[in-house]
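Descriptive structure summary
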Amino acid sequence: MGLSLITFEALGNKNNSIIGRSYKSFDTTAFCAYQTFHPSQYLTDNNWDILCAFVEPGRTEKLDSLGIPHNKSQLRLLEVGDLISSDNGVYSTIMPIFGRKETQVIRKQSKEFADSIFPAIEPGIKQLITDLEKAGYAKQTYSLIFSYLLDTYIWDDERLPSSKNCEDHGTWSGAYWAMYEPRTHVKIGTNGVGSVYQNWTDDLGYWLKTSSLVAFAKEVNKTQGRIIENKELINAIDGWGLTDKDGNILIPIMHVGNNDNIDVLCKDITTQLSEAVKSYCHTWSAEHNISSEKMGQIIFYHEVMWDLLDILQAKGMITMPPILQGEEVGKEHFGDICFIVIRED
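A quick note: this is a predicted structure, and the numbers were derived from the prediction, not measured.

**Considering the packing of aromatic side chains**
In the structure shown here, the tally under the stated rule is 17 aromatic pairs. A cation over an aromatic ring shows up here: Arg-21 above the ring of Tyr-180, its NZ or CZ 3.7 Å from the ring centre.

Written out as structure tokens, the structure is:
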């Protein structure tokens with residue numbers, strides 16, 4: 001006879017176990033590329049409970065003993081999504097899910113790493129900030145340091161593995177993992193549509209329609225960052241700080257591989273960072289039962305990235321723009337958090 005729901009929930013809370021803890025309580029990250037199904041789309045019904053249960057491998061009887069309802073189609077769906085594996089009836093969760101204590105250990109390790117590497121990259125970041133301001137990008141400095149330098153430039157396979165050229169999982173590629181709980185700061189990230197990138201937070205109140213952003217990205221790709229001539233598009237994005245009424249692009253255009261001062265600084269900083277992360281993850285990945293060093297690099301660097309952002313803000317080197325803090329500054333400031341990436345290498 002299965003456990004009652006009350007017993008199941010109590011079991012989940014005992015010793016801060018992940019079993020019985022809701023998906024929304026975790027800090028999940030999907031660093032991935034997909035054409036059909038995003039990994040989170042496999043988490044229908046109570047599939048998350050099944051994943052948590054099989055972090056420690058077991059047979060379906062384990063689910064019964066924990067009072068977790070299940071059927072063959074659910075297990076099959078999770079296998080198709082490459083979130084669990086099966087070996088002679090023994091199921092194992094592939095997706096890394098870290099408990100409370102391990103999350104605390106990982107974040108302690110990432111902070112110590114960030115504190116140790118920052119003095120080496122600080123001069124380069126200071127110079128980069130200066131050069132960005134000279135280029136007329138003072139309003140976008142925060143987003144260019146976080147979203148371009150730390151969260152775009154570094155993911156190119158020469159430095160750290162990009163989601164497109166990472167582990168293949170059938171309908172998606174990359175990494176998908178969960179930490180026990182979110183960090184205390186606001187959730188922040190980077191979205192890319194073609195060559196157009198947008199920095200975002202959960203507090204952001206201004207979102208350009210996806211269809212308009214996609215159309216803008218297509219036009220940018222066509223012109224390689226030169227003036228936009230599509231009048232219908234210019235009207236659709238009018239007032240959003242991306243172009244003026246004549247189609248002149250107002251947001252930064254970053255050239256990867258052209259070896260100008262900004263590109264050289266970005267390359268130097270991210271090379272130092274990535275080499276240190278790779279070296280650290282030789283043993284770190286195995287210590288945390290992560291299936292490959294590539295996945296370990298992705299997970300560990302994401303934690304380091306938040307710590308570096310905290311350091312940069314604490315030192316006053318960058319300041320989050322009001323639009324990312326949820327302030328009603330007007331949609332024209334949407335351009336303060338966007339930029340274009342043209343790859344020339």
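So that's the structure; there's more coming.
**Things to note about the layout of surface pockets**
To find leftover empty space, one rolls a probe the size of a water molecule over the atoms. Its volume calculated, the largest pocket comes out at about 1400 Å³. Along the wall of the largest pocket there are 36 residues; nearest its centre are Phe-31, Cys-32, Ser-163, Thr-190 and Gly-192. Among the secondary structure elements, those contributing two or more residues to the lining of the largest pocket are β1 (27-34), α6 (141-153), β5 (188-193), β6 (196-201), α10 (293-314) and β8 (338-343). With 7 residues, β1 is the largest single contributor of residues to the lining of the largest pocket. Broken down by class, the residue content of the lining of the largest pocket amounts to 13 nonpolar, 17 polar and 6 charged. In this structure, the second largest pocket is lined by 19 residues; those nearest its centre are Val-55, Pro-96, Ile-97, His-288 and Asn-289. Looking at the lining of the second largest pocket, the elements that each hand over two or more residues are β3 (90-93) and α5 (100-134).

**Quick notes on the pattern of salt bridges**
Side-chain pairs of opposite charge can arise whenever the charged atoms involved come near each other. Inspection of every chain in the model, using the stated rule, returns 14 salt bridges. Two residues, Arg-107 and Asp-27, come together in a salt bridge whose shortest N-O distance is 3.2 Å. You can see Arg-107 sitting in helix α5 and its partner Asp-27 sitting in strand β1, a full 80 residues away along the chain. As far as the burial class goes, Arg-107 and Asp-27 line up, both buried.

**Examining the pairing of β8**
With 5 of its 6 residues buried, β8 lies for the most part within the structure. Strand direction decides the pairing type here: β6 and β8, joined by 3 bridges, are antiparallel. Within β8, the residue paired with Gln-198 across the bridge is Cys-338. Sheet topology note: the strand β7 (residues 253-256)/β8 ladder contains 4 bridges and is parallel. Considered in β8, the bridge of Val-256 is made with Arg-343.

**So, α5**
Counted at 1.5 Å a residue, the expected span for α5 with its 35 residues is 51 Å, but the 45 Å between its end C-alpha atoms falls short. Along its length, α5 shows its largest kink, about 50 degrees, at Ile-121, and proline Pro-123 lies within four residues downstream of that point. Where α5 ends, the next residue or the one after it, Gly-136, has phi of about 90 degrees, a positive value.

The rules behind each value
Residues numbered from 1 in each chain as written. Predicted model: local features only at pLDDT ≥ 70, side-chain atom pairs only at ≥ 80, totals over all residues. Heavy atoms only, no water. Phe/Tyr/Trp six-rings, centres within 6.5 Å; stacked < 30°, edge-to-face > 60°. Lys NZ or Arg CZ within 6 Å of the ring centre and 35° of its normal. 1 Å grid on protein atoms, 1.4 Å probe; cavity = no way out; pocket = protein on both sides within 12 Å on 5 of 7 lines; lining within 4 Å. Points joined across faces, edges and corners; volume = space filled by probe spheres on them. Helix = DSSP H or I, 4+ residues; strand = E, 2+ residues; numbered from the N terminus. Nonpolar A, V, L, I, M, F, W, Y, C, P; charged D, E, K, R; others polar. Salt bridge = Lys/Arg side-chain N within 4 Å of Asp/Glu carboxyl O. Buried < 20%, exposed > 50% of the residue type's maximum accessible area, 1.4 Å probe, protein only. Pairing = 2+ DSSP bridges. Expected span 1.5 Å × (residues − 1). Bend = angle between axes of the 7 residues up to and from the residue.

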